[in-house]
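The primary structure of each chain is shown beneath.
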Amino acid sequence: MDKERKVEAPQPHTQLTHAIGTDRAIIMGDPARVDAIAKLMDDPQPWAFNREYKSVVGTYRGQRILAMSTGIGAPSAGIGVEELHNVGVKYVIRVGSAGAMQKDIALGQLVIAEGVVRDDGLSRKYVPEIYPAVPSYRLLHLAHRYAPEAVYGIVRSHDGFYVDDNAEVETFWSKKGIKADDMESGILMVIGRLRGMETLSILNNVVLYQGDLAEGVNSLVNNADLVAKGERDSLLTALNILSDAEMEK
Ligand SMILES: O=P(O)(O)O[C@H]1O[C@H](CO)[C@@H](O)[C@H]1O
Ligand SMILES: O=c1cc[nH]c(=O)[nH]1
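Residues numbered from 1 in each chain as written. Chains lettered and ligands numbered in written order. Predicted model: local features only at pLDDT ≥ 70, side-chain atom pairs only at ≥ 80, totals over all residues.

1. Considerations on the site of ligand 2
Around ligand 2, the structure places S97, A98, G99, D181, D182, M183, V206, V207, L213 and V217. For the shell around ligand 2, the secondary structure elements donating two or more residues are β5 (91-100), β8 (180-182), β9 (198-207) and α7 (213-221). Of all the elements, β5 adds the most residues to the shell around ligand 2, at three residues. When the residues that make up the shell around ligand 2 are grouped by side-chain class, the tally is six nonpolar, two polar and two charged. (Near = placed C-beta within 6 Å. Helix = DSSP H or I, 4+ residues; strand = E, 2+ residues; numbered from the N terminus. Nonpolar A, V, L, I, M, F, W, Y, C, P; charged D, E, K, R; others polar.)

Given below as structure tokens:
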């Protein structure tokens, strides 16, 4: 055994190392979505599964890509993004579920964030709220190629569904034109920018505006047709973007 050779320790939460061999990752809250994206990849290899961080490495159109879950909310997503950066990932696309904030957004319709209202607690610990949470122009441009029918606009990332004034807060942001609510897009874009990564967030609408939250999230859990199609569309859009030839330029 070569005593000089330093063995890289796995990242403490995700258990990733540079052995993943790719600079491209797709992240999602739900570990079950990692199994769904693995089915769309060639030669998917289960990589690690520690706490909420389940990862698989596979190829799509010949491009090696990591898929990893981050659990619910900014703190766990933030840890995931930092550890991706530590193992050499430069491009991260989130494929998440969301609730619509406008009446004309249908179930299963994709919402792609052009910017994020940072209504989470963690991102302001990194940098004041006057710092914008915005995606990579290149990834956004490619999103228009693969998902021209998606809704494009500003979304909002929050910390909890069950706060007492949730309905009033959502009405306020809806009137400001916000397209959808999720919980991790803001922290992804803030940490991504600070660490020099390119990021994007593609959200599948699972709850109609002012619709029943439990019914909507349960329809995702139960694989209801429209939201299941939206999830597949979001996964394919992310895979197509990260394997596009323009990513090599
Ligand atoms: O479906 P995921 O990616 O978990 O995203 C959304 O779903 C969870 C809440 O139900 C939050 O994580 C929210 O951002
Ligand atoms: O309404 C919703 C549904 C999923 N995720 C959210 O953050 N909000």
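So much for the structure itself; the text now carries on.
2. Details of the confidence of the model for the chain
Per-residue confidence for the chain averages 96 on the pLDDT scale, and 98% of its residues sit at or above 70. ipTM for the predicted complex: 0.97, alongside a pTM of 0.97. (pLDDT = per-residue confidence, 0-100.)

3. Quick notes on the site of ligand 1
Close contacts around ligand 1 come from M28, G29, D30, I72, G96, S97, D182, M183, E184 and V217, and that covers them all. In terms of residue class, the shell around ligand 1 is made up of four nonpolar, three polar and three charged.

4. Side note on the UniProt feature "domain: Nucleoside phosphorylase" (unreviewed entry) in the chain
The sites that carry the UniProt feature "domain: Nucleoside phosphorylase" (unreviewed entry) are, in the present numbering, residues 24-202. A distance of 15 Å separates the end C-alpha atoms of residues 24-202, which is 31% helix and 35% strand. (UniProt positions renumbered as here; feature names shortened; annotations may be inferred.)

5. Focus on the packing of helix α4 (residues 137-146) against helix α8 (residues 225-242)
It is at 9 Å that the axes of α4 and α8 come closest, and there the two elements cross at 120°. It follows from the interaxial angle that α4 and α8 lie oblique. Between α4 and α8 the crossing geometry is right-handed. Taken together, the residues of α8 that come into contact with α4 (itself represented by L139, L142, A143 and Y146) are T237, N240 and I241. In terms of residue class, the contact of α4 with α8 is made up of five nonpolar, two polar and no charged. (Axes fitted to C-alpha atoms, helices over the stretch in contact; angles between N-to-C directions. Parallel < 35°, antiparallel > 145°, perpendicular 65-115°, else oblique. Left-handed = near helix turned anticlockwise from the far one by under 90°. Contact = placed C-beta atoms within 7 Å.)

6. A few points about unusual backbone geometry
Peptide bonds are, in most cases, trans, and in most cases residues other than glycine have a negative phi. A positive phi angle, close to 60°, is found at Q210, a residue other than glycine. With respect to the helices and strands, the residue Q210 is situated in the loop between β9 and α7. One non-glycine residue, N223, lies in positive phi territory at about 65°. Take N223: it is sitting in the loop between α7 and α8.

7. Quick notes on the nonpolar core
By size, the foremost hydrophobic cluster in this structure holds 66 residues, and its most contacted members are I26, V92, I93, I202 and A238. Apart from residues lying up to four places away in sequence, I93 is in contact with I26, L139, L200, I202, A238, I241 and L242. (Core = buried A, V, L, I, M, F, W, Y, C linked by C-beta atoms within 7 Å. Buried ≥ 20, exposed ≤ 12 C-beta atoms within 10 Å, placed from the backbone.)

8. Here's the deal with the packing of helix α2 (residues 74-86) against helix α6 (residues 185-194)
Look at α2 against α6: their axes get within 9 Å of each other, and the N-to-C directions meet at 30°. As summarised for this structure, α2 and α6 are arranged roughly parallel, according to the angle between their axes. For the crossing formed where α2 meets α6, the hand is right-handed. Contacts from A74, A77, G78, V81 and E82 of α2 reach α6 at G186, I187, L188, I191 and G192. For the contact of α2 with α6, the residue count by class is six nonpolar, three polar and one charged.

9. So, the environment of L142
With respect to the secondary-structure elements, L142 resides in helix α4. In this structure the C-alpha to C-alpha distance between L142 and T70, which are 72 residues apart in sequence, comes to 24 Å. Among all residues touching L142, those that are not within four sequence positions of it are I241, D244 and E246.

10. Quick word on α7
All of the buried residues along α7 are G216, S219 and L220. Projection of α7 onto a plane perpendicular to its axis shows the buried side chains occupying an angular sector of 105°, all on one side. Exposed positions of α7 whose direction lies more than 90 degrees from the buried face are A214, E215 and V221. The elements touched by buried residues of α7 are β5, β9 and α8. (Arc of directions from axis to C-beta.)

11. Describing the pairing of strand β3 (residues 53-60)
Most of β3 is tucked away, with seven of its eight residues classed as buried. Examined bridge by bridge, strand β2 (residues 42-50) and β3 share six bridges and lie antiparallel to one another. Bridging across to β3, D42 finds its partner in T59. Pairing geometry for β3 and strand β4 (residues 63-69), over six bridges, is antiparallel. Paired with V56 across the two strands is A67, which belongs to β4. The hairpin turn running from β3 into β4, its antiparallel successor, is two residues long, and R61 in that turn takes a positive phi close to 50°. (Pairing = 2+ DSSP bridges.)

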